[in-house]
Amino acid sequence: MNERTDGKHTAYDIKGPLVAKQFTKRNFEATYCPTKEEALAKALSYIPSDHVVSWGGSVSINEIGLRPYVLEHNPVIDRDTAKSPQERVELMRKALLCDTYIMGTNAATEDGQLVNIDGNGNRVAALTFGPKQVIVIVGMNKVMPDVEAAFHRSRSTAAPVNVRRFPGTKTPCYTTGMCRHCVSEQTICCHLVRTRVCRPAGRIKVILVGEDLGY
């Protein structure tokens, strides 16, 4: 079956442009791309070759090939090059003043809002203030009907999967795969941020992708 003619992707192709319009009404620069390849091309159109680029933990930016591309073609701030925990924190701090920050999102809403959950807070900090521009890659599987559903997805779907990236984490979701709204010392749900309007207008670029991306 042609990928773009099956029911799910056809629905994405109808819904995606409508959701992009809702983001635009909230001063985001938003677009819909049916495929990963088109999403990558769109993202790269926003990034000059001399821009210093950094990112938060995201599967989506890897899945469309964005992070591998900027690693080869742009100056980057890459926390994974740190040789100590202290250096890692310093690189995360420097990333807040980069030119372009690339990231995914835990959830988005049909009326054009972003919902994110974070442990250290560096990713949501960059989203709200600091970098000259932020490019957010959003698989259509993450678009929820409303804010309540988006927060539920962030805690009950995204967090229990994301926490598996940190072996031995002592949280209920690591042990059971289910959110228990814990206040564990190791919780990755310290900061819950709803971005309902982009200011200044156009700083946040939202690229909706007509495929399932990330967690």
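A quick note: this is a predicted structure, and the numbers were derived from the prediction, not measured.

### A few points about the UniProt feature "domain: LUD" (unreviewed entry) in the protein chain
- Residues annotated by UniProt as "domain: LUD" (unreviewed entry) correspond here to residues 19-209.
- Between the C-alpha atoms that bound residues 19-209 there is a distance of 11 Å. The span itself is 35% helix and 21% strand.

### Regarding the layout of surface pockets
- Reported here for the largest pocket is a volume of approximately 860 Å³.
- If you trace the largest pocket, you find 35 residues lining it, with G57, R79, D118, R165 and F166 closest to the centre.
- Looking at the lining of the largest pocket, the elements that each hand over two or more residues are α3 (60-63), α5 (85-94), β5 (114-118), α6 (122-128) and α7 (147-162).
- Here the lining of the largest pocket takes 3 residues from α7, the largest share from any one element.

### Focus on the nonpolar core
- Within the largest apolar cluster, 26 residues are counted, with the highest numbers of intra-cluster contacts made by F23, L114, V136, V138, I204, V206 and L208.
- Going through the elements one at a time, α1 (7-25), β1 (29-33), β3 (100-103), α6, β6 (133-139) and β9 (204-209) are the ones with two or more residues in this core.
- At 4 residues, α1 tops the list of elements feeding residues into this core.
- Other than its neighbours up to four places away in sequence, F23 contacts F28, A30, A108, T109, G112, Q113, L114, V206 and L208.
- If you look at the next biggest cluster of nonpolar residues, it comprises 18 residues, including Y46, I64, I137 and V209.

### Some words on the sheet that holds strand β2 (residues 53-55)
- Within the open sheet, the 5 strands sit side by side as β1-β9-β6-β3-β2. Their pairing is parallel. One side of each edge strand has no neighbouring strand; the edge strands of this open sheet are β1 and β2. Averaged over all pairs of adjacent strands, the angle between their axes in this sheet comes to 20°, without regard to strand direction.
- The pairing of β3 with β6 spans 4 bridges and is classified as parallel. By the bridge assignment for β6, T100 is matched with Q133.

### Side note on the sheet that holds β5
- Here 4 strands make up an open sheet; going across it, the order is β7-β4-β5-β8 and the pairing mixed. Of all the strands in the sheet, the pair left with one neighbour each is β7 (143-144) and β8 (191-195).
- Where β5 lies against β8, 5 bridges are found, and the strand directions are antiparallel. Across the sheet, V115 pairs through a bridge with R194, a residue of β8.
- Across the face of the sheet, α1 comes into contact with β4 (107-109), β5 and β7 while running at roughly 80° to β4.

### Points about the pattern of salt bridges
- Enumeration according to the criterion identifies 6 salt bridges in this entry.
- In this structure, the salt-bridge partner of E110 is K15, at a minimum N-O distance of 3.0 Å. Residue E110 is found in the loop between β4 and β5, and its partner K15 is found in helix α1; the two are separated by 95 residues along the sequence.
- A residue is classified by how much of its surface remains accessible, and E110, at 32% relative accessible area, is partly exposed.
- Looking at K15, the relative accessible area reads 28%, which means it is partly exposed.
- One connected set of salt bridges, linked through shared partners, spans R67, D80 and R88.

Rules and cut-offs
- Residue indices begin from 1 for each chain and proceed along its sequence in written order.
- Where totals are concerned, whole chains, interfaces and linings use all residues; where local detail is concerned, this predicted model gives features only for residues with pLDDT of at least 70, and gives and counts side-chain atom pairs only at 80 or more.
- Think of the side-chain values as coming from all heavy atoms in the structure, minus any hydrogens and water.
- UniProt positions are given in the numbering used here, feature names are shortened, and annotations may be inferred rather than shown by experiment.
- Put simply, DSSP H or I for four residues or longer makes a helix, DSSP E for two residues or longer makes a strand, and each gets a number counted from the N terminus.
- A cavity here means a set of 1 Å grid points, computed over protein atoms only, where a 1.4 Å probe fits but cannot escape. A pocket is an open set with protein on both sides within 12 Å along at least 5 of 7 lines, and lining residues have an atom within 4 Å of a point.
- Grid points are joined across faces, edges and corners, and a volume is the space filled by probe spheres set on the points.
- In this text, buried Ala, Val, Leu, Ile, Met, Phe, Trp, Tyr and Cys residues form a nonpolar core when linked through side-chain atoms within 4.5 Å.
- We call a residue buried when its accessible area falls under 20% of the maximum for its residue type, exposed when it is over 50%, and partly exposed in between, using a 1.4 Å probe and counting protein chains only.
- Working rule for contacts: check all heavy atoms of both residues, and any pair within 4.5 Å makes them a contact.
- DSSP calls a pair of strands paired once it identifies at least 2 bridges connecting them.
- Here the axes come from fitting lines to C-alpha atoms, over the contacting stretch only for helices, and the angles between their N-to-C directions go from 0 to 180 degrees.
- The rule for a salt bridge is simple: a side-chain nitrogen of Lys or Arg has to be within 4 Å of a carboxyl oxygen of Asp or Glu.

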